[in-house]
Amino acid sequence: MIRTALARAGLIAAATCAATLLTAAPAAAHGADAPNGTDYRTRVAGVTPARPGLTVRVIEAGARLELTNHTGRAVEVIGYSGEPYLRVGPDGVFENSHSPATYLNRTLAGDTALPADADPAAPPSWRRIADGTTARWHDQRALWQESTPPAEVRAAPEREHRVRDWTVPLRDGTDPLAIGGTLDWVPPPDAYTWWAVSIVGLLAVGALGLFAAASTPGARALTAVGVLLLVGGAVAVLYPVGRELDAGAQGVGGVAVGLLGGQVWALLTGLGALAAGWYALARRPAADFVIALAGACLALFAGVANAAVFTRSVAPVPWSPGIARVMVAVVLITGVGATAAGVLRLHAASRAATRTPAPTP
């Protein structure tokens, strides 16, 4: 029975990994390739001169800008060569197919090849890309895209530095406007501390698997692992929801679409951990196998996948980076610890079955 369960676990894990690889390309495209973390903090100071109903904010850890226009008039975002790039107004969001920015801003790296008709001097050719009055886009003027930090950062990486003040020109009819903001280097956290805390925690949770399953302490240990999986699963679901909210998703429907489009594996593993926690608390058959499998998926798809926050100062969530690191640590501790506890209990059960003498005829 134990061997059958382990074989099933291997097949399920292999299928999960294969499915992840097959869906990685479309998932990575969601949220305009938002980073898992960065050391550059982008902030918006506002629009000058101010326009009631025209607001701008930074989303996805600074990867994109979001402009919402409730003025009732069309407002244009100006591209890198002074050409109209985006038009946002009551009739929707349009992009100029002749603007080089239309193509350069499709990826965070700005490495899209320009087509032959990308000519900033050509008359605008507007193409509708979205309903509503909100546009979101990468903007190289608000980003640091070099592979190495600025010279002043390299000289003193332990200090915060103002990299530059930036502006993005706008146009309201014939009136020029500008989005103003700042780009700062923020020293990254001490990743060793976060990993050390996570490792100590997961070892403590894994040690729950050392109690004999048939004993009273073993039963209590299974209950403890079940409760931890409920907590870790809830956190694993909350984290991608936060990422979608930070990316501009609005309402339950908008968050759901975003989760299914780009955060589906984190969502599914979180829900799976919740189910496994309930399964363990109910003392259902094969609970050890279930918590081991759910813990492994939780650690991989919701923990390791977001562990960049341990080494980055800015996280792509609407709460503080410190809270984001605590959440990821909880997921890692719960996931790896539950896996270890489940495997230890399965191993002990297998040894006990081996030692039990066969009944004599």
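Up top is the structure these notes are about.
We now turn to the structure provided with this report. (Residues numbered from 1 in each chain as written. Predicted model: local features only at pLDDT ≥ 70, side-chain atom pairs only at ≥ 80, totals over all residues. Heavy atoms only, no water.)

**Let's talk about the environment of Val336**
Thinking step 1. Relative to the assigned elements, Val336 resides in helix H9 (residues 321–355).
Thinking step 2. Residues Val336 and Ile199, spaced 137 residues apart in sequence, show a C-alpha to C-alpha distance of 9.0 Å.
Thinking step 3. Not counting residues up to four positions away in its chain, the partners in contact with Val336 are Leu202, Gly295 and Ala299. (Helix = DSSP H or I, 4+ residues; strand = E, 2+ residues; numbered from the N terminus. Contact = heavy atoms within 4.5 Å.)

**Quick look at the packing of aromatic side chains**
Thinking step 1. Tallied over the entire structure, the rule returns six aromatic pairs.
Thinking step 2. Ring centres 6.0 Å apart and planes at 15° place the aromatic pair Trp194 and Phe310 in the stacked group. Here Trp194, found in helix H4 (residues 191–206), pairs with Phe310, found in the loop between helix H8 (287–303) and H9; they are 116 residues apart in sequence, far enough to count as distant.
Thinking step 3. For Phe310, a relative accessible area of 0% gives the class buried.
Thinking step 4. An angle of 65° between the planes, with centres 6.4 Å apart, marks the rings of Trp278 and Tyr279 as edge-to-face. (Phe/Tyr/Trp six-rings, centres within 6.5 Å; stacked < 30°, edge-to-face > 60°. Buried < 20%, exposed > 50% of the residue type's maximum accessible area, 1.4 Å probe, protein only.)

**Some remarks on the packing of helix H5 (residues 216–246) against helix H6 (residues 251–262)**
Thinking step 1. Two elements in contact, H5 and H6, have axes whose closest approach is 9 Å; the angle formed by their N-to-C orientations is 115°. Taken together, the axes of H5 and H6 lie roughly perpendicular to each other. The interaxial crossing formed by H5 with H6 has right-handed handedness. Where H5 abuts H6, its residues Pro240, Val241, Glu244 and Leu245 lie against Val255, Gly258 and Leu259.
Thinking step 2. Looking at the contact of H5 with H6, its residues break down into five nonpolar, one polar and one charged. (Axes fitted to C-alpha atoms, helices over the stretch in contact; angles between N-to-C directions. Parallel < 35°, antiparallel > 145°, perpendicular 65-115°, else oblique. Left-handed = near helix turned anticlockwise from the far one by under 90°. Nonpolar A, V, L, I, M, F, W, Y, C, P; charged D, E, K, R; others polar.)

**Details of the pattern of salt bridges**
If charged atoms from side chains of opposite charge come close, those side chains can pair.
Thinking step 1. Counting across every chain of the model gives 18 salt bridges.
Thinking step 2. Between Glu66 and Arg57 there is a salt bridge, with its nearest N and O atoms 2.7 Å apart.
Thinking step 3. In this structure Glu66 comes out as buried when scored by relative accessible area, which is 5%.
Thinking step 4. Classification of Arg57 as partly exposed rests on a relative accessible area of 32%. (Salt bridge = Lys/Arg side-chain N within 4 Å of Asp/Glu carboxyl O.)

**Notes on the sheet that holds strand S3 (residues 64–69)**
Thinking step 1. What the three strands build is an open sheet, ordered S2-S3-S8; its pairing is antiparallel. Because the sheet does not close on itself, it has two edges, and the strands there are strand S2 (54–59) and strand S8 (134–137). Direction aside, neighbouring strands of the sheet carry axes that sit 15° apart on average.
Thinking step 2. Sheet topology note: the S3/S8 ladder contains four bridges and is antiparallel. Each bridged residue has a counterpart across the sheet, and for Leu65 the counterpart in S8 is Trp137. (Pairing = 2+ DSSP bridges.)

**Observations concerning the packing of helix H7 (residues 264–281) against H8**
Thinking step 1. At a minimum axis separation of 9 Å, H7 and H8 run at an interaxial angle of 155°. In terms of their interaxial angle, H7 and H8 are classed as roughly antiparallel. For the crossing formed where H7 meets H8, the hand is left-handed. Facing H7, whose interface residues are Trp265, Ala266, Thr269, Gly270, Gly272, Ala273, Ala276, Tyr279 and Ala280, H8 presents Ala287, Val290, Ile291, Ala294, Cys297, Leu298, Phe301 and Ala302.
Thinking step 2. Along the lines of polarity and charge, the residues of the contact of H7 with H8 split into 14 nonpolar, three polar and no charged.

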